[in-house]
Amino acid sequence: MCGRYYIDDDTAKEMEGLVRELDRKRQNGQGQQAENGQCAQCFAVRREEFRARDVHPGDAAPVLALAEYSREIAVECRRWGFPERTLIFNARSETAGERPLFRDGIRNSRVVIPAAWFYEWNPAKEKNIFRKKEGVLFLAGCSRRYPDGERFVILTTEANESMRPVHDRMPLVLEREEAADWLREETRALQLLQKKPLPLERQIDYEQLSLFQV
């Protein structure tokens, strides 16, 4: 599962870079000249949304999504968790496409959640930090509209070898080059629901930052 993650200014920079890259590819693919001003409008989220902090279920946080009217990839601020009888903040990737609560989001409202790292607690209640060796994590999610706006959940999958000593579930981690397909291509997105994330680096929070275990 995933119950807390961390974002910072580096997360914002990588997310902005990805949006600009995708915008250039789209325009060049249509025979248009890429314009930075157009892309700047896509990156509409305030830097304040990326202040260094832990993000908890119920918090508002930046995500990559398809803009409602233009259907272009943009950065939006949405709240984490579906407010049902309890706050639901994770969904199993294996069954999300079949469950009524998540089905429409999987088909029509997928999001990518950027994170510098995420946390998980082992049976001994020790907090573990999981991250990539380089760059930010892109977590797969889906969104649903509520009276207070769009909300998202993070999709989880079976733990890989780096997560298994700590927990049997982990977020569905996308590679940078998979983010656009997840957002735009339903057929490809359904395939990505079955992917196995690459190994991550693991750190117990009381260890020095330079000491990692794979």
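Preceding this section is the structure that the text describes.
Below is a short write-up of the structure. (Residues numbered from 1 in each chain as written. Predicted model: local features only at pLDDT ≥ 70, side-chain atom pairs only at ≥ 80, totals over all residues. Heavy atoms only, no water.)

## Side note on the overall build of the chain
Okay, step 1: Per the secondary structure count, the chain includes five helices and 15 strands.
Okay, step 2: Taken over 214 residues, the chain has a buried fraction of 50%.
Okay, step 3: Counting only contacts in the chain whose residues sit at least 6 apart along the sequence, the fraction spanning at least 24 positions is 65%.
Okay, step 4: Here the chain has roughly 10,700 Å² of accessible surface; of this, 46% comes from carbon and sulfur atoms. (Helix = DSSP H or I, 4+ residues; strand = E, 2+ residues; numbered from the N terminus. Buried < 20%, exposed > 50% of the residue type's maximum accessible area, 1.4 Å probe, protein only. Contact = heavy atoms within 4.5 Å. Areas by Shrake-Rupley, 256 points an atom, 1.4 Å probe, with all protein chains shown as cover.)

## With respect to the sheet that holds strand 9 (residues 117-121)
By definition, the strands of a sheet pair up through backbone hydrogen bonds, in either a parallel or an antiparallel sense.
Okay, step 1: Spatially, five strands are ordered 2-1-9-10-15 in an open sheet, and the strand pairing comes out antiparallel. Strands with a single pairing partner mark the edges of an open sheet, and in this sheet they are strand 2 (53-55) and strand 15 (201-204). Shown here is a sheet whose adjacent strand axes are inclined to one another by a mean of 30°, direction ignored.
Okay, step 2: Examined bridge by bridge, strand 1 (residues 5-7) and strand 9 share two bridges and lie antiparallel to one another. Considered in strand 9, the bridge of Tyr-6 is made with Trp-117. (Pairing = 2+ DSSP bridges. Axes fitted to C-alpha atoms, helices over the stretch in contact; angles between N-to-C directions.)

## Some remarks on the nonpolar core
Soluble, globular proteins show a tendency: their nonpolar side chains are buried together.
Okay, step 1: By size, the foremost hydrophobic cluster in this structure holds 33 residues, and its most contacted members are Leu-64, Phe-102, Val-112, Leu-155 and Trp-182.
Okay, step 2: Top element by residues in this core is helix 1 (residues 9-29). It accounts for five residues.
Okay, step 3: Leaving out residues up to four positions away in the same chain, Trp-182 has contacts with Arg-110, Val-111, Val-112, Ala-140, Gly-141, Leu-155, Leu-174, Ala-189, Leu-192 and Leu-193.
Okay, step 4: Grouped together as the second largest cluster of nonpolar side chains are 23 residues, Ala-65, Phe-118, Phe-152 and Ala-159 included. (Core = buried A, V, L, I, M, F, W, Y, C linked by side-chain atoms within 4.5 Å.)

## So, unusual backbone geometry
Okay, step 1: Positive phi, normally seen in glycine, also occurs at Lys-125, with a value near 65°.
Okay, step 2: Within the secondary structure, Lys-125 is located in the loop between strand 9 and strand 10 (127-131).
Okay, step 3: The exposure class of Lys-125 is exposed, given its relative accessible area of 69%.

## Brief notes about the pattern of salt bridges
Okay, step 1: If you walk through the whole model with that rule in mind, you get 16 salt bridges.
Okay, step 2: A salt bridge links Arg-78 to Glu-150, with the nearest nitrogen and oxygen atoms 3.9 Å apart. Here Arg-78, found in strand 4 (residues 73-80), pairs with Glu-150, found in strand 12 (residues 149-158); they are 72 residues apart in sequence, far enough to count as distant. (Salt bridge = Lys/Arg side-chain N within 4 Å of Asp/Glu carboxyl O.)

## Some words on the environment of Thr-156
Okay, step 1: By secondary structure assignment, the location of Thr-156 is in strand 12.
Okay, step 2: Residues Thr-156 and Cys-2 lie 154 residues apart in sequence; the distance between their C-alpha atoms is 7.5 Å.
Okay, step 3: Ignoring any residue separated from it by four or fewer positions in sequence, one finds Thr-156 in contact with Met-1, Cys-2, Asn-90, Ala-91, Arg-92, Ser-93, Glu-94, Arg-169, Met-170, Pro-171 and Leu-172.

## Re helix 3 (residues 100-108)
Okay, step 1: Every buried residue of helix 3 is accounted for by Leu-101, Phe-102, Gly-105 and Ile-106. One side of helix 3 carries all its buried residues, which in axial view fall inside an arc of 100°. (Arc of directions from axis to C-beta.)

## Overview of the environment of Phe-138
Okay, step 1: Inspection of the secondary structure assignment puts Phe-138 in strand 11 (residues 137-146).
Okay, step 2: The spatial distance from the C-alpha of Phe-138 to the C-alpha of Glu-175 is 6.7 Å, given a sequence separation of 37 residues.
Okay, step 3: Filtering out sequence-adjacent residues up to four positions away, Phe-138 remains in contact with Glu-14, Leu-18, Val-112, Ile-113, Leu-172, Val-173, Leu-174 and Arg-176.

## Side note on the packing of aromatic side chains
Within a pair of aromatic rings, the relevant descriptors are the distance that separates the centres and the angle that separates the planes.
Okay, step 1: Inspection of the entire model under this criterion finds eight aromatic pairs.
Okay, step 2: Between Phe-118 and Phe-130, the ring centres sit 5.5 Å apart and the planes meet at 15°, which makes this aromatic pair stacked. One end of the pair, Phe-118, is in strand 9; the other, Phe-130, is in strand 10, with twelve residues separating them in the sequence.
Okay, step 3: Classification of Phe-130 as buried rests on a relative accessible area of 0%.
Okay, step 4: Every member of this aromatic cluster is reached through a ring pair, and the members are Tyr-5, Trp-80, Phe-89 and Phe-152.
Okay, step 5: Note that Arg-110 overlies the ring of Trp-182, its terminal NZ or CZ placed 6.0 Å from the centroid.
Okay, step 6: The ring of Tyr-119 is capped by Lys-127, whose NZ or CZ atom sits 4.6 Å from the centre of that ring. (Phe/Tyr/Trp six-rings, centres within 6.5 Å; stacked < 30°, edge-to-face > 60°. Lys NZ or Arg CZ within 6 Å of the ring centre and 35° of its normal.)

## Here we look at the pairing of strand 9
Okay, step 1: Counting buried positions along strand 9 yields four of five residues, so the element is predominantly enclosed.
Okay, step 2: When strand 9 meets strand 10, the two strands line up antiparallel, connected through four bridges. In the sheet register, Phe-118 faces strand 10, and the bridge partner there is Phe-130.
Okay, step 3: Following strand 9, the chain reverses through five residues before pairing antiparallel with strand 10; Lys-125 in that reversal takes a positive phi of roughly 65°.

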